[in-house]
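Overview (structure and organization)
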Amino acid sequence: MRAGRRVVAIPPELLPQLREHVERYSDKAADGWVFIGPKGARLRRSSFRRTWNKTRTAVGLPDLHCHDLRHVWNTLTAANGASLKEPMAHMGSLVHSGGLDLPARPAGS
């Protein structure tokens, strides 16, 4: 199965870190990968998993899963006043029941 392509909204506050990452770590080809493996090739699930596991343990979040980041994004989007349509469009949801990870109210309220 081949993954689809999506337009990803990147908050302006993250652009400096993303630029640094691209300059230091990404494939330099015009159509190169942003995230590459330790040997410079396309990132494979196995090499990502090793890095992810070490990183989440190092930052004190050993139970964090990649999919959890979708929920974080949806919560932050809702907390900042986004309509239901906005996160659904970014998450690739085509129907109102799909991808509905928004909390009933933003965290901390």
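Residue positions are given per chain, counted from 1 along the sequence in the order it is written. In keeping with the predicted nature of the model, local features appear solely for residues at pLDDT of at least 70, side-chain atom pairs appear and are counted solely at 80 or more, and the whole-chain, interface and lining totals rest on all residues. Values shown for side chains rest on all heavy atoms present in the structure; no hydrogens or waters enter the calculation.

**Notes on the overall build of the protein**
Of regular secondary structure, the protein possesses 4 helices and 0 strands. Per the convention used, a helix needs a DSSP run of H or I reaching at least four residues, while a strand needs a run of E reaching at least two, with both numbered from the N terminus. Going from the N terminus to the C terminus, the protein shows its helices and strands as α-α-α-α. Every one of the 109 residues in the protein was classed for burial, and the buried ones make up 11%. Contacts in the protein between residues at least 24 apart in sequence constitute 29% of all its contacts with a sequence separation of at least 6. Residue exposure (1.4 Å probe, protein chains only): buried if accessible area is under 20% of the type maximum, exposed if over 50%, otherwise partly exposed. It only takes one pair of heavy atoms within 4.5 Å for two residues to be counted as in contact.

**As for helix α2 (residues 45-58)**
Structurally, the α-helix is built with 3.6 residues per turn, so residues lying three or four positions apart point the same way. What a helix should span is 1.5 Å times the count of its residues minus one. Here α2 is 14 residues long and its end C-alpha atoms lie 20 Å apart, about the 20 Å a rise of 1.5 Å per residue gives. Among the residues making up α2, those that are buried are Ser-47, Trp-52 and Arg-56. Here the buried residues of α2 occupy an arc of 150 degrees about the axis, which is enough to place them on one side. Exposed residues pointing more than 90 degrees away from the buried face of α2 are listed as Arg-50, Lys-54, Thr-57 and Ala-58. The directions considered for the arc run from the helix axis to the C-beta atoms.

**Section: the pattern of salt bridges**
The salt bridge criterion pairs a side-chain nitrogen of Lys or Arg with a carboxyl oxygen of Asp or Glu, the two atoms within 4 Å. In the structure shown here, the tally under the stated rule is 1 salt bridge. Put simply, Arg-24 and Glu-20 hold a salt bridge, and the shortest N to O gap is 3.0 Å. Residue Arg-24 and its partner Glu-20 are both found in helix α1 (residues 15-25); the two are separated by 4 residues, about one turn of the helix.

**So, the packing of aromatic side chains**
Centre distance within 6.5 Å is the pairing criterion for rings of Phe, Tyr and Trp, where only the six-membered ring of Trp is used; planes under 30 degrees apart are then read as stacked, over 60 as edge-to-face, and the remainder as tilted. A full pass over the atoms with the stated rule returns 1 aromatic pair. Ring plane angle 20 degrees and centroid distance 5.9 Å describe the contact between Phe-48 and Trp-52, whose orientation is recorded as stacked. Separated by 4 residues within a single helix, Phe-48 and Trp-52 lie in helix α2, roughly one turn from each other. Judged by relative accessible area, Phe-48 falls into the partly exposed class, the value being 33%. In this structure Trp-52 comes out as buried when scored by relative accessible area, which is 17%.

**Overview of the environment of Leu-69**
Tracing the backbone shows Leu-69 in helix α3 (residues 68-79). Dropping the residues within four chain positions of it, Leu-69 is found in contact with Trp-52 and Leu-64.

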